Amino acid sequence: MREVVAVGKEGQGASPPTGEVQEAGLSTLCPQVCARAALGPGVLWAAAWGVLLLAASAGAQRGRKKVVHVLEGESGSVVVQTAPGQVVSHRGGTIVLPCRYHYEAAAHDHDGVRLKWTKVVDPLAFTDVFVALGPQHRAFGSYRGRAELQGDGPGDASLVLRNVTLQDYGRYECEVTNELEDDTGMVKLDLEGVVFPYHPRGGRYKLTFTEAQRACAEQDGILASAEQLHAAWRDGLDWCNAGWLRDGSVQYPVSQPREPCGGLGGASAGTGGGTASGGVRNYGYRHNAEERYDAFCFTSNLPGRVFFLKPLRPVPFSGAARACAARGAAVAKVGQLFAAWKLQLLDRCTAGWLADGSARYPIVNPRARCGGRRPGVRSLGFPDATRRLFGVYCYRAPGAPDPAPGGWGWGWAGGGGWAGGARDPAAWTPLRV
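Below: a short report on this structure. Position numbers for residues count from 1 along each chain, tracking the sequence in the order it is written. In keeping with the model being predicted, local features are shown solely for residues with a pLDDT of at least 70 and side-chain atom pairs are shown and tallied solely at 80 or more, while totals for entire chains, interfaces and linings include all residues. Based on all heavy atoms of the structure, the side-chain values leave hydrogens and waters out of the count.

## Section: the packing of aromatic side chains
How two aromatic rings sit relative to each other is set out by the distance from centre to centre and by the angle between their planes. What counts here: Stacked, edge-to-face and tilted are the three classes for Phe, Tyr and Trp ring pairs, Trp counted by its six-membered ring, which pair at centre distances within 6.5 Å; planes under 30 degrees apart are stacked, over 60 edge-to-face, the rest tilted. Here a helix means four or more residues in a row that DSSP labels H or I, a strand means two or more in a row labelled E, and each is numbered from the N terminus. Think of it in three bands: with a 1.4 Å probe and only protein chains considered, a residue is buried below 20% of the maximum accessible area for its type, exposed above 50%, and partly exposed in between.
Inspection of the entire model under this criterion finds 12 aromatic pairs. An angle of 85 degrees between the planes, with centres 6.4 Å apart, marks the rings of Tyr-143 and Tyr-172 as edge-to-face. Here Tyr-143 is found in the loop between β9 (136–139) and β10 (147–149), whereas its partner Tyr-172 is found in strand β12 (residues 170–177), with 29 residues between them in sequence. By relative accessible area, which is 0% here, Tyr-172 ends up buried. On the numbers, 5.0 Å between centres and 20 degrees between planes, the contact of Phe-196 with Phe-338 is stacked. Placement of the pair is Phe-196 in strand β14 (residues 193–198) and Phe-338 in helix α6 (residues 334–343), with a sequence separation of 142 residues. With relative accessibility at 8%, the residue Phe-338 sits in the buried group. Three or more aromatic residues joined by ring pairs form one cluster here, namely Tyr-205, Phe-209, Trp-244, Tyr-252, Tyr-283 and Tyr-293.

## Let's talk about the state of the cysteines
The condition that has to hold: Two cysteine sulfur atoms make up a disulfide if the distance between them is within 2.5 Å.
Per the counting criterion, the structure on display carries 5 disulfides. Note that Cys-240 is cross-linked by a disulfide to Cys-261, the S-S spacing being 1.9 Å. Taking the sign of the torsion about the S-S bond as the criterion, the disulfide between Cys-240 and Cys-261, at about -120 degrees, is left-handed. Of this pair, Cys-240 sits in the loop between α4 (226–234) and β16 (243–244) while Cys-261 sits in the loop between β17 (249–254) and β18 (279–285); the two residues are 21 residues apart in sequence, bridging distant segments of the chain. Owing to a relative accessible area of 2%, Cys-261 belongs among the buried residues under this scheme. Cys-349 shares a disulfide with Cys-370; S-S distance 2.0 Å. The sign of the -115 degrees torsion about the S-S bond sets the Cys-349-Cys-370 disulfide as left-handed. Here Cys-349 is found in the loop between α6 and β22 (352–353), whereas its partner Cys-370 is found in the loop between β23 (359–363) and β24 (376–379), with 21 residues between them in sequence.

## Comments concerning the sheet that holds strand β5 (residues 95–97)
Formally: Pairing between strands is defined by DSSP: at least two bridges between the two strands are required. An axis is simply a line fitted to the C-alpha atoms; with a helix, the fit covers only the stretch in contact. Between two such axes, the angle follows the N-to-C directions and lies from 0 to 180 degrees.
Taken in spatial order, the 3 strands of this open sheet run β5-β11-β10, and their pairing is antiparallel. Strand pairing shows two members of the sheet lacking a second neighbour, β5 and β10, which therefore form its edges. In this sheet, adjacent strand axes meet at a mean angle of 30 degrees when their direction is disregarded. Here β10 runs beside strand β11 (residues 159–161); their pairing, made up of 3 bridges, is antiparallel. Paired with Glu-148 across the strands is Val-160, a residue of β11.

## Side note on the sheet that holds strand β13 (residues 182–191)
The mixed open sheet is built from 6 strands, whose spatial order is β4-β13-β12-β7-β8-β9. Edge strands, defined here as strands with exactly one partner in the open sheet, are β4 (86–89) and β9. The mean angle between the axes of side-by-side strands here comes to 25 degrees, regardless of whether they run parallel or antiparallel. As judged from the 7 bridges shared by strand β7 (residues 114–122) and β12, these two strands associate in the antiparallel manner. Its bridge partner lying in β12, Lys-116 is registered against Glu-175.

## Quick word on α4
Definition in use: Summarising the geometry, the arc corresponds to the directions from the helix axis toward the C-beta atoms. Whether two residues touch is decided by their heavy atoms; if any such pair falls within 4.5 Å, the residues are in contact.
Among the residues making up α4, those that are buried are Gln-228, Leu-229 and Ala-232. The buried residues of α4 occupy an angular sector of 100 degrees when the element is viewed end-on, so they sit on one face. Looking at the packing, one finds that the buried side of α4 touches β13, β14, β17, β18 and β19 (294–300). Where α4 ends, the next residue or the one after it, Gly-236, has phi of about 110 degrees, a positive value.

## What to know about the side chain of Ser-89
Within the fold, Ser-89 resides in strand β4. Setting aside residues up to four positions removed in sequence, Ser-89 forms contacts with Thr-94, Ile-95, Val-164, Leu-189, Asp-190, Leu-191 and Glu-192.

Next up, the structure:
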């Protein structure tokens, strides 16, 4: 039997476990008890009971201490330890989810211990990630070929996860089981990245929860968590439109309080005597199939590169895909532009088409003629796809060659000009200029 803890009242020190109190009392009174031992067993038992009563009384006076005893079988206990806090990686990186266990292998060896990793997808739902029993190891689903045990000696159940994806973000449970006992530990995997608000061409507050998930995925992201949105607010994110988060709640961050965005806040707001305060406004958990809001998406490190392509003449949206394709790239998605702005410090004071039909541009170093005093990705909304003309932001995957390096532009073979717009941009070809 193992004594785990002795708990006292708040503000008082914890007393020794009851067994230790008893031993101290008997040791203190041993001379008197032993001297009376010859008087007979009745006197000895009376003295012993007196010691027990004294110990109980002392324990009560110290604030109703409580001792918890845990039974340990002969096979030994399993104790799992994981890192406190969280581990941080980025998309495409390699990370170790730390987990070690202590196993008193009196009757069994470590080969009889099962190690299991699962991902918490909902409070009561789990997805299998990895299982090991002796020499037999198996990874599941999208973790196949990416997950393996670190295997740093006996007692190491740490999981190595390679080529981290956006979907890997979240909480993982490390479970260690022998024939009779088990224990678990929790590890949280966080990603470096950026949160961005999103709504489609149809307008604001048009997305159900499922549609918000799909919209983020289409823009190279996932729905942000409440923790990620709160961190973005601390970094200055200010957005006065409510959006879905991955836990099914609807929230929005306000760094610059104003009346249309949840009020000025503050204890004395509205009286003229207080200072305004921002925060993350929370609508709580909403009906995810009926109510409609925007979305807050999260994306991480880009494996490739986003660049701005300025043709000889600006193009309508229909010419954007051909322009990027001729450079071995695709039209960039909104999440890719945000990642390039935040993580690759892309700064361009020129609007360009993106894959969803919006026009945006990234500003790292704010200047007055580029949309204000704060850094960010400026949006022109969803301009008319046939009448408005812009350059285009392209995304080239890693390793893809640039078929039109340097000195190349856009035009029609054989020369000619716009001729009042009669030329079809879909027929453009790259030309040496």
